[in-house]
Amino acid sequence: MPASSPSSPFSFPASSSASSSSSYDAVVAALRAAGCVFAEEEARLLLSAARTPRELALLVEGRSGGLPLELVLGWAEFRGLRIVVEPGVFVPRRRTEFLVEQALAQAPAARVVVDLCCGSGAVGAALAAALGPVELHAADIDPAAVRCARRNVAAAGGQVHSGDLFEALPAGLRGRVDVLAANVPYVPTDEVGLLPPEARDHEPLVALDGGSDGLHVLRRVAAEAHRWLAPRGCLLVETSERQAAAAVDAFSRGGLTARLAYDEELGASVVIGVRP
C-alpha cells in the first residue's frame, strides 16, 4: 500500500489522535467521497485498527482506493469469529453463514468435518467452533488460501491440505465424513466481469469462476461426494437461486438425497445432499 503524500487528502497531522472526533469526521468524509456506503461503520473499524495517525492514513487510502474493507483490516467477521484474510484470498461472505447453519441443523452431532474449496477456512472454523471437538480437514487448490486457512483452523486442531478437490484429502477420510461443506465457485465465466470491483479486482479467479454455467465445480463435487461421506453424512454447497434446480439434479445424479434451503434475507441458496 503506498505511503500517503503531503498532498494526500487522507493525511492526518502527527498531533492528531486516531480516536479523536476530528479524525473520525475526516475518515467518514474520505470514505463517503470514495463511495463507501457504510462510511460511519467503516470509519469506526479503521480508527480502532490504527495505532498511529500515519497508519490510519494508510488504512483510509487503501479503503478509498477500492481495497475490500476486510483486506484493509486483515480480518473478516464470520459467525462471531474473527477470520484472518490476506491479499489474494476469497473473503468470506455473510450469506455463507447460512450454509454453516444448515450443516449444524442437518448434522448436530458431526465429528468429522471437511471444508472443501476452503478459501480462508472460515466455514470449517465456524463449524468446529459450534460443534466442539471435531476432526477437521480443509482443502484448497490455491496456495495462498491454504496458508491463510492454516491460521484460521489452528485453534480447532484442523489440518489443511493443498490440491484439487478430493485429490487433496487423505484417503483415510473415505466413507467417514459427517459434514462435507464445499463453498465452490459458482459465477458463470461470462459474468465474472460483472462482479463488484472488490471481488473482481482483489479476489482470485479460481474462487469465483464456476465455468460456462457456473456449475462445473459443483458437478465434480456432487459426483464424488458419496465416496467420502459416512452413512447419513451430508454435502452442502452454496449456489445461486437460478442455478438451484440444476444443482439439486447434480446431487441426485451423484446418488444423494437432495433438497434446497433458501434464506430470503441473506439471499442465500444452499443445496443439501444426504448419503442414503
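Keep in mind the model is a prediction, meaning the values are calculated, not measured.

1. Some words on the state of the cysteines
Within the structure shown, the criterion is met by zero disulfides. As a non-bridged cysteine, C118 has C117 as the owner of its nearest cysteine sulfur, 8.2 Å distant. Counting only cysteine sulfurs, C118 is the nearest neighbor of C148, a cysteine outside any disulfide, at a range of 8.8 Å. A residue is classified by how much of its surface remains accessible, and C148, at 0% relative accessible area, is buried.

2. Details of helix 3 (residues 53-64)
Its 12 residues place the ends of helix 3 16 Å apart at the C-alpha level, agreeing with the 16 Å of an ideal helix rising 1.5 Å per residue. Among the residues of helix 3, those classed as buried are P53, L56, A57, L59, V60, E61, G62, R63 and S64. Two residues or fewer past helix 3, G66 is found with a positive phi of approximately 105°.

3. Description of the side chain of N152
Mapping N152 onto the fold places it in helix 7 (residues 143-153). Among all residues touching N152, those that are not within four sequence positions of it are R82, I83, V84, S120 and A125.

4. Things to note about unusual backbone geometry
The phi dihedral of L165 falls on the positive side, at around 50°, and the residue is not glycine. Its place among the elements puts L165 in the loop between strand 5 (159-162) and strand 6 (177-182). Positive phi, close to 70°, is recorded for R232, a residue that is not glycine. Checked against the element boundaries, R232 lands in strand 7 (residues 229-239). Owing to a relative accessible area of 57%, R232 belongs among the exposed residues under this scheme.

5. Looking at helix 6 (residues 122-131)
Counting buried positions along helix 6 yields eight of 10 residues, so the element is predominantly enclosed. Following helix 6 by one or two positions, G132 adopts a phi angle in the positive range, close to 90°.

6. Examining the nonpolar core
V113, L127, V179 and L236 are the most contacted members of the largest nonpolar core, which totals 34 residues. Put simply, the parts of the chain that give this core at least two residues each are helix 5 (97-106), helix 6, strand 4 (135-140), helix 7, strand 6, strand 7 and strand 9 (268-274). For this core, the leading source of residues is helix 6, giving seven residues. The next biggest cluster of nonpolar side chains, apart from the first, holds 29 residues, and it includes F166, L169, L180 and V237.

7. Comments concerning the pairing of strand 5
Relative to strand 5, strand 4 runs parallel, the two being bridged by four bridges. Considered in strand 5, the bridge of A139 is made with H161. Regarding topology, helix 7 serves as the crossover connection from strand 4 to the parallel strand 5, and that connection is right-handed.

8. Here's the deal with the confidence of the model for the protein chain
Averaged over the protein chain, the pLDDT score is 90; the fraction of residues at 70 or greater is 92%. Taken as a whole, residues 1-10 scores under 50 in pLDDT and shows 23 contacts with residues more than four places along the chain or in a different chain. Low pLDDT, under 50, characterises residues 13-19; the predicted model gives this stretch nine contacts beyond four residues in sequence or across chains.

Basis of the calculations
Residues numbered from 1 in each chain as written. Predicted model: local features only at pLDDT ≥ 70, side-chain atom pairs only at ≥ 80, totals over all residues. Heavy atoms only, no water. Disulfide = S-S within 2.5 Å. Buried < 20%, exposed > 50% of the residue type's maximum accessible area, 1.4 Å probe, protein only. Helix = DSSP H or I, 4+ residues; strand = E, 2+ residues; numbered from the N terminus. Expected span 1.5 Å × (residues − 1). Contact = heavy atoms within 4.5 Å. Core = buried A, V, L, I, M, F, W, Y, C linked by side-chain atoms within 4.5 Å. Pairing = 2+ DSSP bridges. Right-handed = clockwise from strand over helix to strand, strands pointing away. pLDDT = per-residue confidence, 0-100.

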